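# Notes for the structure review
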Amino acid sequence: MPIRYAAALLATLFCTAALAEVHEVKMLNRGAGGAMVYEPDYLAIATGDTVKFIATQPSHNAASVLGFLPDGAEPFKGRINEEIEVKFDVPGFYGIQCIPHLAMGMVMLIQVGELPVGDVQIPTSLPARARQRFEQIVERASSAY
Ligand SMILES: [Cu+2]
């Protein structure tokens, strides 16, 4: 039954495609969490999912934080006002920064795969406000379970 086989194959392909999600993050001058924020500032996603960083308000970007991504993961850096889509294929924790507003604490945390959020290692080299925001994010994410 070649036709039935083709239909089954198509259904399998369709399901696989439907499993990989695209999550949207807004880059904002002001949001519910204060000034210079990503909204949401924490995402727990599946391996292979994509995050789309939307330039909702001007003068922001999205870039990986040096030393705050899993081994083997590719660092990335979007330009200012650039809307970028990043696919996360390596499980682990990713710190995301807006380069012009890092000192103001414009960061977010992306958790790829099922991991205890308490295991995250926040680099001590970050500016105080950024480190503080990461700590708040981890605290909020930990208490949500
Ligand atoms: Cu910014």
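Our structure is the block above this text.
A few points on the structure. Worth saying up front: this structure is predicted, and the values here are computed from it rather than measured.

So, about the nonpolar core. Ranked by internal contacts, the top residues of the largest apolar core, which has 21 residues, are Tyr-38, Val-51, Phe-53, Phe-88, Ile-96, Met-108 and Ile-110. Of all the secondary-structure elements, those providing two or more residues to this core are strand 1 (22-31), strand 2 (34-39), strand 3 (42-45), strand 4 (50-54), strand 6 (84-87), strand 7 (92-97) and strand 8 (107-112). Apart from the residues lying within four places of it in its own chain, the contact partners of Ile-110 are Leu-43, Ile-45, Val-51, Phe-53, Phe-88, Gly-92, Phe-93, Tyr-94 and Ile-96. Core analysis: the second largest hydrophobic core is formed by 15 residues, Tyr-42, Val-65, Phe-93 and Ala-130 among them.

The next point concerns the coordination of the copper ion. The protein atoms donating to the copper ion are His-60 (ND1), Cys-98 (SG), His-101 (ND1) and Met-106 (SD), with metal-donor distances spanning 2.0 to 2.5 Å. Mapped onto the polypeptide sequence, the residues donating to the copper ion form the spacing pattern H-x37-C-x2-H-x4-M. Each member of the pair, His-101 together with Met-106, is buried.

For the rest of this paragraph, the subject is the pairing of strand 8. Along strand 8, 6 of the 6 residues are buried, which leaves the element largely enclosed by surrounding structure. Alternating positions in strand 8 separate into two faces, Val-107, Leu-109 and Gln-111 on one and Met-108, Ile-110 and Val-112 on the other, with burial throughout. Two elements, strand 3 and strand 8, share 4 bridges in a ladder whose sense is parallel. Note on strand 8: the bridge partner recorded for Tyr-42 is Leu-109.

A few words now on the sheet that holds strand 2. The mixed open sheet is built from 4 strands, whose spatial order is 2-1-4-6. The sheet is open, and its two borders are formed by strand 2 and strand 6, each paired with just one other strand. Across the sheet, the mean angle separating the axes of adjacent strands is 20 degrees when strand polarity is ignored. The sheet contact formed by strand 1 and strand 2 spans 5 bridges and is antiparallel. Across the sheet, residue Met-27 finds its bridge partner in strand 2, namely Tyr-38.

Each value, and the rule that gives it
- Residues numbered from 1 in each chain as written.
- Predicted model: local features only at pLDDT ≥ 70, side-chain atom pairs only at ≥ 80, totals over all residues.
- Heavy atoms only, no water.
- Core = buried A, V, L, I, M, F, W, Y, C linked by side-chain atoms within 4.5 Å.
- Buried < 20%, exposed > 50% of the residue type's maximum accessible area, 1.4 Å probe, protein only.
- Helix = DSSP H or I, 4+ residues; strand = E, 2+ residues; numbered from the N terminus.
- Contact = heavy atoms within 4.5 Å.
- Donors = N, O, S within 2.8 Å, 3.2 Å for Na, K, Ca; no water.
- Pairing = 2+ DSSP bridges.
- Axes fitted to C-alpha atoms, helices over the stretch in contact; angles between N-to-C directions.

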